[in-house]
Amino acid sequence: MKPLLWFFLLARRVYYFAVRVFICEPLFKAYCTKYGRNLHTGTFLHWINGKGDIVLGDNVTIDGKVSIAFAARYTDHPTLQIGDNTGIGHGCVFTIGKLISIGRNCNLSGDIVIMDTNAHRTDPEGRLALEPVAPEEIRPVIIRDGVWIGRQCILFPGVKIGEGSVISAGSVVRSHV
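Residues numbered from 1 in each chain as written. Predicted model: local features only at pLDDT ≥ 70, side-chain atom pairs only at ≥ 80, totals over all residues. Heavy atoms only, no water.

Trainee: Can you break down the sheet that holds strand β7 (residues 87–88) residue by residue, with the values?
Mentor: With parallel pairing, six strands are arranged side by side in an open sheet as β1-β4-β7-β10-β13-β16. Bordering the open sheet on either side are β1 (40–41) and β16 (166–167), each of which pairs with just one other strand. When strand β10 (residues 107–108) meets strand β13 (residues 148–149), the two strands line up parallel, connected through two bridges. By the bridge assignment, L108 is partnered in β13 with I149. (Pairing = 2+ DSSP bridges. Helix = DSSP H or I, 4+ residues; strand = E, 2+ residues; numbered from the N terminus.)

Next comes the structure, spelled out in structure tokens:
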């Protein structure tokens, strides 16, 4: 039975390697405006919606399935920037109206939601009238170098996370850290 298990494990490893290297990574790279050396993705196709710029540094790992939604109606080039040696976990969601910037040597665990816009008006009259988001309600999210963010965190528009900060799992971040 052991040889059968070894064969199965080898076949699985070869299959996932081929899917990642020949399908998932090239398709993700095609979306990117710029990417550095050693970009790695998992074996999922990332969900990217809208037009925007994805700028990645060296040794970036985007594991699992990540959703990126660009809201190009707010600016011509909404941008997602990810610095060198940064890892993004499975199930992360980015909603970008202007800018989300993630520094170098960061670790974002899975199921994190980061948005620089709520995608709707915050005043009741504007929401009922279906008015677009006011420009002052679209505020970039800046994450500095060396930050670790635990699972299932939510970062709201305009948040700045300082260098070396740790955000505990399940946190809702509405102000600067």
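Trainee: With reference to specific residues and values, describe the sheet that holds strand β12 (residues 141–143).
Mentor: Here we have five strands laid out as an open sheet, ordered β3-β6-β9-β12-β15, and parallel in their pairing. Two strands close off the open sheet at either side, each with one partner strand: β3 (53–56) and β15 (160–161). As paired elements, β3 and strand β6 (residues 79–82) share four bridges and run parallel to each other. Within the sheet, the bridge partner assigned to L56 lies in β6 and is I82.

Trainee: Can you tell me about the packing of aromatic side chains, naming the residues and giving the values?
Mentor: Applying the stated criterion across every chain, the model contains one aromatic pair. Between the aromatic rings of Y15 and Y16, the centroid separation amounts to 5.1 Å while the plane-to-plane angle is 70°, which identifies the pairing as edge-to-face. Here the guanidinium or amino end of R174 rests over the ring plane of F156, the centre of that ring lying 4.7 Å away. (Phe/Tyr/Trp six-rings, centres within 6.5 Å; stacked < 30°, edge-to-face > 60°. Lys NZ or Arg CZ within 6 Å of the ring centre and 35° of its normal.)

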